[in-house]
Amino acid sequence: MHSDLVAALDIGGTKIAGALVDGAGGILLRARRPTPAREDGETVMGAVEEVLAELAASPLWPGVRAVGIGSAGPVDASAGTVSPVNVPGWRGYPLVERVRRATGLPVDLVGDGVAMTAAEHWLGAARGHDNALCMVVSTGVGGGLVLGGRLHPGPTGNAGHIGHISVDLDGDPCPCGARGCVERIASGPNIARRALDNGWRPGPDGDTTAAAVAASARAGDPVAAASYERAARALAAGIAATATLVEIDIAVIGGGVAGAGEVLFAPLRRALRDYATLSFVRRLTVAPALTGTDAGLLGAAAAATPRDPAGATSTA
Ligand SMILES: [Zn+2]
């Protein structure tokens, strides 16, 4: 019987994933439901309870010591509540209390950017780095920080929200209410929109995603490449600002946009040389994330694992 098991929940706008995870990051059992994102809050909670019930039916369950939750944000880890943008039925929803009641176990909550960071620090590209910024560049841009060897979720679990740092003072309005945010320039939909605005046209399949723009850039299309270049500069400015503030030495980038590979990373490394200029940030490197689609589950597990008590606000 494993005695170091935790149950992990990764809650997003499209799916609710659960797993039993051991102390080495091994995923021993998975469960999954679609998120009934358009339904009322109790229906969404019902899907979470189904995932938990499936895990609890396992003979491994008696060895589970805690539950870790990584959720789409905003979250409020200090209050134990979540308000995922894409799940309107949950606003200030008391998820921690509900999961604690359903399981009888201590429950830790972090935002999905912090969860991904915990996963990369535990098992991925930020392993062995005491000061790191980890980012998910996808439909949105999220992130999290490791400082002094520990996850730094901040009081409400949202620290490291690099997607909404402004890098263009008079830039386009961002849905968050600010202007010129990293996300407004570097997210997948914005990479695709900018390419289309500047005359890029999709191939015969009509695919207008950022991945299709990346394929064109790889094939030599200058407009497609320029859209990634602009995204890379926004990311570099945000990363350099973070490094200058708190002395990170690595930025780890995951999410669908990172799948563009060198189409993104080559201009990003060049742009970092322009923005990370002071002596103490010149060693800053960037690396692709390694934990892939399991980042949310592994990060939720890391946040719940007692060996990393700074990983989240314990509400036990
Ligand atoms: Zn914003």
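Everything numeric in this text was worked out from a predicted model, so none of it was measured.

**So, unusual backbone geometry**
- A cis amide bond links G73 to the next residue, P74, at an omega of 0 degrees.
- Its location among the elements puts P74 in the loop between β4 (64-71) and β5 (75-76).
- Of note, E247 is a non-glycine position whose phi angle comes to about 60 degrees, a positive value.
- Tracing the backbone shows E247 in the loop between α7 (222-246) and β11 (250-254).

**A few points about the environment of G104**
- Assignment of secondary structure puts G104 in the loop between α2 (95-103) and β7 (107-111).
- Between the alpha carbons of G104 and R150 there is a distance of 27 Å; along the sequence they are 46 residues apart.

**Thoughts on the packing of helix α5 (residues 188-197) against α7**
- Following both chains from N to C, one finds α5 and α7 inclined at 140 degrees, their axes separated by 9 Å at the closest point. Between α5 and α7, the interaxial angle falls into the category oblique. Like other packed secondary-structure pairs, α5 and α7 cross with a definite hand, here right-handed. Together, I191, R194 and A195 of α5 and V223, S227, Y228, R230 and A231 of α7 make up the contact between the two elements.
- The class makeup of the residues in the contact of α5 with α7 is five nonpolar, one polar and two charged.

**Observations concerning the pairing of strand β1 (residues 5-11)**
- Within β1, seven of the seven residues are buried, which leaves it mostly tucked inside the rest of the structure.
- Side chains L5, A7, L9 and I11 project from β1 onto one buried face, and the interleaved V6, A8 and D10 project onto a second face that is buried too.
- As judged from the seven bridges shared by β1 and β4, these two strands associate in the parallel manner. By the bridge assignment, V6 is partnered in β4 with A66.
- Note that β1 and strand β2 (residues 15-21) share six bridges and pair antiparallel. Its bridge partner lying in β2, A8 is registered against A19.
- With antiparallel pairing between neighbouring strands as the criterion, β1 and β2 make up a hairpin whose turn holds three residues.

**What to know about the coordination of the zinc ion**
- Within the protein, the zinc ion binds to H164 (ND1), C174 (SG), C176 (SG) and C181 (SG); these donor distances fall in the range 2.0 to 2.3 Å.
- Taken together, the four donor atoms coordinating the zinc ion and their angles of 104 to 119 degrees define a geometry best described as tetrahedral.
- Mapped onto the polypeptide sequence, the residues donating to the zinc ion form the spacing pattern H-x9-C-x1-C-x4-C. One end of the pair, H164, is in the loop between β10 (150-151) and α4 (182-186); the other, C174, is in the loop between β10 and α4, with ten residues separating them in the sequence.

**Some words on α5**
- For α5, the complete set of buried residues consists of G188, N190, I191, A192, R194 and A195.
- In the core, the buried residues of α5 are packed alongside α4, α6 (210-218) and α7.
- Downstream of α5 by a residue or two, G199 has a phi angle that is positive, lying close to 105 degrees.

**Brief notes about the pairing of strand β8 (residues 132-137)**
- Counted residue by residue, β8 has five buried out of six residues, so it is predominantly covered.
- Here β8 pairs with strand β9 (residues 141-147) via six bridges, running antiparallel. What sits directly across from L133, in β9, is L145.
- The antiparallel hairpin formed by β8 and β9 contains three residues in its connecting segment.
- Where β8 and β11 come together, five bridges link them in parallel fashion. Residue pairing across strands places A132 opposite I250, the latter belonging to β11.

**Remarks on the sheet that holds β4**
- Read from one edge of the open sheet, five strands run β3-β2-β1-β4-β7, paired in mixed fashion. The open sheet has two edge strands, β3 (27-34) and β7, and neither has a second partner. Averaged over all neighbouring strand pairs, the angle between strand axes comes to 15 degrees, with direction disregarded.
- Against the sheet, helix α1 (residues 41-56) makes contact with β1, β2 and β3, and its axis sits at roughly 155 degrees relative to β3, the strand it touches most.

**Notes on the environment of V257**
- Mapped onto the elements of the fold, V257 is located in the loop between β11 and α8 (262-275).
- Through-space distance from the C-alpha of V257 to that of T209 is 9.9 Å; in sequence the pair is 48 residues apart.

**A few points about the sheet that holds β10**
- Spatially, β10-β9-β8-β11-β12 is the arrangement adopted by the five strands of the open sheet, whose pairing is mixed. A strand with exactly one partner marks an edge of an open sheet, and here the two such strands are β10 and β12 (285-288).
- Of the strand pairs in this sheet, β11 and β12 are connected by four bridges, and their pairing is parallel. Pairing of V252 across the sheet is with A287, part of β12.
- On the sheet, helix α3 (residues 112-123) packs against β8, β9, β10 and β11 and is oriented at approximately 50 degrees with respect to β9.
- Sitting on the sheet, α7 is in contact with β8, β9, β11 and β12, with an inclination near 155 degrees to β8.

Cut-offs applied
Position labels on residues start from 1 in each chain and follow its written sequence. Note on the predicted model: pLDDT of at least 70 is required for a residue's local features to be given, and 80 or more for side-chain atom pairs to be given and counted; whole-chain, interface and lining totals, by contrast, use all residues. Values reported for side chains reflect all heavy atoms of the structure, with hydrogen atoms and water molecules removed beforehand. Numbering of helices and strands runs from the N terminus; a helix is a DSSP stretch of H or I covering at least four residues, while a strand is a stretch of E covering at least two. With axes taken as lines fitted to C-alpha atoms, and helix axes fitted only over the stretch in contact, angles between N-to-C directions fall between 0 and 180 degrees. Between 65 and 115 degrees an angle is taken as roughly perpendicular, under 35 as roughly parallel, over 145 as roughly antiparallel, and anywhere else as oblique. Left-handed describes a crossing whose near helix is turned anticlockwise from the far helix through less than a right angle; right-handed describes the clockwise counterpart. Contact definition: two residues touch when any of their heavy atoms are within 4.5 Å. Each residue is assigned to one class: nonpolar for Ala, Val, Leu, Ile, Met, Phe, Trp, Tyr, Cys and Pro, charged for Asp, Glu, Lys and Arg, and polar for all the others, Gly among them. Between buried and exposed lies partly exposed: a residue is buried under 20% and exposed over 50% of the maximum accessible area for its type, with that area taken using a 1.4 Å probe on protein chains only. Should DSSP find at least two bridges between two strands, the strands are taken to pair. Donor selection uses N, O and S atoms within 2.8 Å of the metal (3.2 Å for Na, K and Ca). Since no water is included, sites may look incomplete. Donor angles set the geometry label: tetrahedral for four donors if every angle is between 85 and 135 degrees, square planar for four and octahedral for six if opposite donors exceed 155 degrees and the others are between 65 and 115, irregular for anything else.

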